[in-house]
Amino acid sequence: MLISTDSRTSFEKSKPGRRGATLTSSRCLDYQPVQKISESLLRKQVLLFPELTEPEAVRHFVSLSKKNYSIDTQFYPLGSCTMKYNPKVNEWAAGLDKFSALHPFQPEETVQGMLSIFYDLEQYLKTITGMDAFTLQPAAGAHGELTGIMLVRAYHNATGQGHRSKVLVPDSSHGTNPASAALFGYRVVELKTNDRGRVDLEVLLENLDDDTACLMLTNPNTLGLFEEDILEITKQVHSKGALLYYDGANLNPLLGIARPGDMGFDIVHLNLHKTFSTPHGGGGPGSGPVGVKKRLIPFLPLPVLEKTAAGKFTWNKDAPQSIGRVKSFYGNAGMLLRAYVYIRSLGLEGILKCSEGAIVNANYLRKKLKKYFPVAIDETCMHEFVLTLKFATNKGIHAGDIGKRLLELGFHAPTVHFPLVVEEALMIEPTETESKETLDEFIEAMIAIAREIEEDPKVILDAPRNLPIARPDEVLAARKPILSYRDLVREKALQSDGVSVS
Ligand SMILES: *Cc1c(COP(=O)(O)O)cnc(C)c1O
């Protein structure tokens with residue numbers, strides 16, 4: 001890891017009068033303001049921007065970028081999150097000004113190219129998932145879930161089943177599932193999974209009744225295991241008049257192999273920022289398109305993209321049963337474009353290879369690591385698997401500590417303490433974009449850690465020693481993050497000179 005030799009912030013390096021860019025008036029001659037800004041809108045306070053030369057500003061941003069882990073710099077086996085490589089051809093396409101300079105208020109006839117890409121993307125997603133229609137509006141997986149739950153409510157209301165008040169979720173589900181259902185007013189009932197980490201059919205039947213609105217499920221589940229009883233599960237749920245919601249964040253091992261539509265799911269959300277290689281997390285924004293079966297099409301969010309008989313693309317803003325708009329404009333267009341390029345550049349053949357690679361890589365890691373760390377449910381997995389660190393707690397070591405030690409060794413931490421059904425869980429998802437060499441380096445690091453647990457636990461408990469931030473108070477950091485720097489010394493000096501600052 002690189003440690004900056006100069007830890008002063010750009011504010012502390014600031015010197016009055018230093019400039020990075022010099023725009024002389026002669027270079028600005030052809031600039032004509034379109035409209036004069038009203039005097040009342042002009043800023044009257046001093047802006048406290050740091051004053052730096054260009055090289056100092058460049059160093060500031062480059063050194064900030066090096067303080068973070070990213071998929072472009074390190075292996076990132078964050079289970080459930082599918083941190084696969086983001087191909088640069090996606091970025092090239094999204095950067096073309098034919099796309100990036102478009103404005104969502106442009107008249108339809110001037111953006112036919114972009115609309116045709118949205119339309120084609122919807123067709124590909126339909127083919128990949130086996131659903132009948134898609135909306136591209138939702139901006140993330142959780143947003144897709146909320147959209148899906150709104151569709152569930154709209155469907156039941158329209159079919160005289162509006163009394164249905166509960167949503168079933170397995171106890172292994174991602175936290176956003178119960179949260180989305182609860183946010184929209186449903187009572188959430190958690191289903192205890194069986195000792196093989198799957199949906200327990202008996203428990204399902206005990207809880208399934210005329211009051212059930214839907215079952216939310218991810219398959220493979222968050223243990224990386226395929227729900228073998230999926231056809232029986234969907235049959236039972238449908239027989240009680242309830243719907244099936246598919247959390248598609250775990251679609252990565254199924255591309256071209258199995259389709260949630262064929263399993264019997266009615267509503268599906270996908271995470272383009274996971275399975276379809278668009279940037280993720282702080283590098284977002286995300287995209288969580290939602291697909292539905294035919295009987296749910298009338299309820300999809302507005303506007304709906306349609307292709308006329310003449311081959312023109314147009315937004316239909318008039319569907320009386322629609323749940324309405326869930327996002328401004330038409331979704332995160334740049335993400336949709338990147339996912340489109342990803343699918344086009346691989347083709348359906350290539351996409352199938354992605355899933356096979358993801359499964360092979362995960363099982364390779366699982367087999368190599370199981371000699372050193374118990375696997376929560378040790379069966380052939382799909383794209384990810386879960387280790388348990390329970391054996392290390394008598395040395396005071398928890399799953400999070402292994403994550404810290406891995407960060408120190410140059411790997412991003414796996415997902416820790418999730419899924420909640422596994423004590424001291426360490427959830428590992430290598431993805432198909434990693435080479436055998438990288439996986440072997442990770443295995444070596446994990447074997448070294450296994451040895452340290454036995455021989456030198458302090459090395460693990462004191463990690464990380466070489467990163468800009470070691471062990472912050474995670475609750476405070478999440479609840480009260482300090483996101484901007486204030487140069488209190490300079491503010492005070494200016495104020496004592498009678499200058500108003502902001
Ligand atoms: C990531 C994830 C989600 C939520 O997706 P966001 O885009 O982060 O909102 C939901 N379910 C599962 C299984 C996930 O891995």
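A quick note: this is a predicted structure, and the numbers were derived from the prediction, not measured. (Residues numbered from 1 in each chain as written. Predicted model: local features only at pLDDT ≥ 70, side-chain atom pairs only at ≥ 80, totals over all residues. Heavy atoms only, no water.)

Even after reading the chapter, I still don't get the overall build of the chain, so can you show me in this structure?
A count of helical and extended segments in the chain gives 16 helices and 12 strands. Taken over C-alpha atoms, the radius of gyration comes to 26 Å for the chain, in line with the 23 Å a tight globule of 502 residues would show. Across its three principal directions, the C-alpha atoms of the chain cover 75 × 70 × 45 Å. Burial statistics for the chain: of 502 residues in total, 48% are counted as buried. Within the chain, contacts between residues separated by at least 24 positions form 72% of all contacts whose residues are at least 6 apart in sequence. For the chain, the exposed area adds up to about 24,900 Å²; of that, 56% sits on carbon and sulfur atoms. One way to put it: in the chain the 57 positive side-chain charges average out to a point 5 Å from where the 60 negative ones average out. (Helix = DSSP H or I, 4+ residues; strand = E, 2+ residues; numbered from the N terminus. Rg over C-alpha atoms; globule rule 2.2 N^0.38 Å. Buried < 20%, exposed > 50% of the residue type's maximum accessible area, 1.4 Å probe, protein only. Contact = heavy atoms within 4.5 Å. Areas by Shrake-Rupley, 256 points an atom, 1.4 Å probe, with all protein chains shown as cover. Lys, Arg positive; Asp, Glu negative; His and termini not counted. Charge placed at Lys NZ, Arg CZ, Asp CG, Glu CD.)

Before we go on, may I ask you to explain the packing of aromatic side chains in this structure?
One pair of aromatic rings is described through two measures. These are the centre distance and the angle between the planes. This structure, assessed with the given rule, holds 12 aromatic pairs. On the basis of an interplanar angle of 55 degrees and a centroid distance of 6.5 Å, the ring pair of F118 and W315 is categorised as tilted. Taken together, the residues F118 in helix α5 (residues 112–129) and W315 in strand β9 (residues 313–316) connect sequence positions 197 residues apart. You can call F118 buried: its relative accessible area is 4%. Since its relative accessible area comes to 13%, W315 is described here as buried. Geometrically, the ring pair formed by Y155 and F299 is edge-to-face, given 6.2 Å between the ring centres and 90 degrees between the ring planes. Of this pair, Y155 sits in helix α6 (residues 141–158) while F299 sits in the loop between β7 (290–292) and β8 (304–307); the two residues are 144 residues apart in sequence, bridging distant segments of the chain. Exposure remark for Y155: the relative accessible area of 13% places this residue in the buried category. Chaining the aromatic ring pairs together yields one cluster made of F75, F411 and F442. A cation over a ring is seen here: R153 above Y186, with NZ or CZ 4.4 Å from the ring centre. (Phe/Tyr/Trp six-rings, centres within 6.5 Å; stacked < 30°, edge-to-face > 60°. Lys NZ or Arg CZ within 6 Å of the ring centre and 35° of its normal.)

Sorry if this is basic, but what is going on with the pattern of salt bridges here?
Pairing between side chains of opposite charge can happen when their charged atoms approach one another. All told, the structure shown has 24 salt bridges when counted by the stated rule. For R196, the salt bridge identified is with E228, shortest N-O distance 3.0 Å. Taken as a pair, R196 in the loop between β3 (187–191) and α8 (201–207) and E228 in the loop between β4 (212–217) and α9 (230–239) lie far apart in primary sequence, 32 residues in all. One salt bridge connects D401 with R471, and the closest N-O pair in it is separated by 2.8 Å. One end of the pair, D401, is in helix α12 (residues 399–408); the other, R471, is in the loop between α14 (457–461) and α15 (474–479), and 70 residues separate them in sequence. You can call D401 buried: its relative accessible area is 9%. (Salt bridge = Lys/Arg side-chain N within 4 Å of Asp/Glu carboxyl O.)

Looking at this structure, how should I read the sheet that holds strand β11 (residues 415–416)?
Sheets are built from strands paired through backbone hydrogen bonds, the pairs being either parallel or antiparallel. Spatially, three strands are ordered β10-β12-β11 in an open sheet, and the strand pairing comes out antiparallel. The open sheet is flanked by β10 (385–388) and β11, the only strands paired with a single partner. The pairing of β10 with strand β12 (residues 425–428) spans four bridges and is classified as antiparallel. Along β12, the bridge assignment pairs L387 with L426. (Pairing = 2+ DSSP bridges.)

Help me out: how do you make sense of the site of the ligand in this one?
If you check the shell around the ligand, you find S80, A140, G141, A142, E145, H174, T176, D247, A249, N271, H273 and K274 and nothing else. In the environment of the ligand, an oxygen atom lies 2.7 Å from a nitrogen or oxygen atom belonging to the backbone of G141. Bound to the protein, the ligand loses 88% of the 380 Å² it would expose on its own. Sorting elements by how many residues they give to the shell around the ligand places α6 first, with three residues. When its residues are assigned to classes, the shell around the ligand shows three nonpolar, six polar and three charged. (Near = heavy atom within 4 Å. Polar contact = N/O pair within 3.5 Å; in protein donor to acceptor, adjacent residues only side chain to side chain. Nonpolar A, V, L, I, M, F, W, Y, C, P; charged D, E, K, R; others polar.)

Would you explain the sheet that holds β3 in this entry?
Ordered by their spatial adjacency, seven strands build an open sheet running β1-β7-β6-β5-β4-β2-β3, and the pairing between neighbours is mixed. In the strand order of this sheet, the two ends are held by β1 (133–135) and β3, each with one partner. In this sheet, adjacent strand axes meet at a mean angle of 25 degrees when their direction is disregarded. Bridge analysis of strand β2 (residues 166–170) against β4 gives three bridges, and the strand direction is parallel. Bridging across to β4, L168 finds its partner in L215. Lying on the sheet, α6 is in contact with β2, β4, β5 (243–248), β6 (267–270) and β7; it crosses β5 at an angle near 170 degrees. (Axes fitted to C-alpha atoms, helices over the stretch in contact; angles between N-to-C directions.)

Honestly, the nonpolar core in this entry has me stumped. Any pointers?
If you look at soluble globular proteins, the nonpolar side chains tend to sit buried side by side. Counting 53 residues, the largest nonpolar core has F118, L121, L125, L215 and F276 as its most contacted members. Looking at which element gives the most residues to this core, the answer is helix α11 (residues 333–369), with 10 residues. With sequence-adjacent residues up to four places away left out, L125 is seen in contact with F134, L136, L270, L272, F276, P289 and I343. Counting residues in each nonpolar core, the second largest holds 28 residues, with F75, L365, F411 and L439 among its members. (Core = buried A, V, L, I, M, F, W, Y, C linked by side-chain atoms within 4.5 Å.)

Teacher, can you tell me more about the side chain of E434 here?
Counting through the fold element by element, E434 comes out in the loop between β12 and α13 (436–455). Here E434 occupies a buried position and makes no salt bridge, while the nearest side chain of opposite charge, K84, is found at 11 Å. Ignoring anything within four residues of it in the chain, the contact list for E434 reads I71, F75, N361 and L439.

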